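Tertiary structure, described
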Amino acid sequence: MSSDQTQQTDDGWLSVGERADTSLANALTSAVKSWVESGAMPPNEPERVAGISTAIASQSFTTSSQRLEMLRSLCQIYSAGIRAGNITSHRPVIGPFIVFVKKILFRSVAALLGPSFERQREFNAGVIRLLGDLCNEDRERTIR
């Protein structure tokens, strides 16, 4: 772990309920360090993740509460993918076999269609960023 990450931990980089939670931050930092040391996480993964920007706007973000709620709901559902419901069967004797076959088929279809949904997720994330930027731009114009 780099000295910058250690410094971030000392400065309280994690807050819960607007209060710095250094014990949780230290626990997370040590867990990541152990994952890197054990090989469960690639050595440069913390630095790579630290370099990813998840900001919806390049500087400050200001919008109405209604638009913020709409953006929040989009962020919650943006991840398109194949999700399995609870696969069941009402047949007492052959039911477990039918459920087993359905699960195998579902996993096969999900593996085949997975790459298609990755492109959809990228598109959805781009649309959310654009909408956030447009909301912010519109709000900046009305403030001036």
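The model shown is predicted, which means the values in this text are computed figures rather than measured ones.

**Examining the overall build of the chain**
Along the chain, the regular secondary structure elements total five helices and two strands. Beginning at the N terminus, the succession of helices and strands in the chain can be written as α-β-β-α-α-α-α. In the chain, which comprises 144 residues, the proportion classed as buried is 15%. In the chain, 55% of the contacts between residues at least 6 apart in sequence involve partners at least 24 apart. A total accessible area of about 11,200 Å² is found for the chain, and carbon and sulfur atoms account for 57% of it.

**A word on the pattern of salt bridges**
When the charged atoms of two side chains lie near each other, side chains of opposite charge can form a pair. Throughout the structure, instances matching the rule amount to one salt bridge. The closest approach of N and O atoms between E45 and R48, which form a salt bridge, is 2.7 Å. Of this pair, E45 and R48 are both found in helix α3 (residues 45–50), three residues apart, which corresponds to roughly one turn of the helix. Residue E45 is classed as buried on the basis of its relative accessible area of 19%.

**Re the confidence of the model for the chain**
The predicted structure's coordinates, where accompanied by low pLDDT, should not be read in detail. Taken as a whole, the chain shows an average pLDDT of 77; of its residues, 78% reach a score of 70 or greater. Every residue in residues 1–10 is under pLDDT 50, and counting partners more than four places away or in other chains gives 11 contacts.

**Quick word on a nonpolar patch on the surface**
Taken together, the side chains of V93, I94, F97, F100, V101, I104 and L105 make up a nonpolar region of the molecular surface, amounting to roughly 700 Å² of accessible area. Tracing the sequence through the fold places I94 in the loop between α4 (65–77) and α5 (95–143).

**Some thoughts on the side chain of T29**
You can see T29 is positioned in helix α2 (residues 22–38). Residue class for T29 comes out buried when judged on its relative accessible area of 14%. For T29, the side chain forms a polar contact with the main-chain oxygen of A25, separated by 2.8 Å.

**Quick notes on the environment of I128**
Structurally, I128 can be placed in helix α5. Separated by 57 residues in sequence, I128 and L71 place their C-alpha atoms 6.9 Å apart.

**Re the environment of R129**
Structurally, the position occupied by R129 is in helix α5. Here the alpha-carbon distance between R129 and C75, two residues 54 residues apart in the chain, equals 9.7 Å.

**What to know about α2**
The first and last C-alpha atoms of α2 sit 24 Å apart over 17 residues, in line with the 24 Å expected at 1.5 Å per residue. Positive backbone phi, approximately 90°, marks G39, located one or two places after α2.

Calculation rules
Residues numbered from 1 in each chain as written. Predicted model: local features only at pLDDT ≥ 70, side-chain atom pairs only at ≥ 80, totals over all residues. Heavy atoms only, no water. Helix = DSSP H or I, 4+ residues; strand = E, 2+ residues; numbered from the N terminus. Buried < 20%, exposed > 50% of the residue type's maximum accessible area, 1.4 Å probe, protein only. Contact = heavy atoms within 4.5 Å. Areas by Shrake-Rupley, 256 points an atom, 1.4 Å probe, with all protein chains shown as cover. Salt bridge = Lys/Arg side-chain N within 4 Å of Asp/Glu carboxyl O. pLDDT = per-residue confidence, 0-100. Patch = residues over 30% accessible without salt bridge, like charges linked within 9 Å, V, L, I, M, F, W, Y side chains within 5 Å. Polar contact = N/O pair within 3.5 Å; in protein donor to acceptor, adjacent residues only side chain to side chain. Expected span 1.5 Å × (residues − 1).

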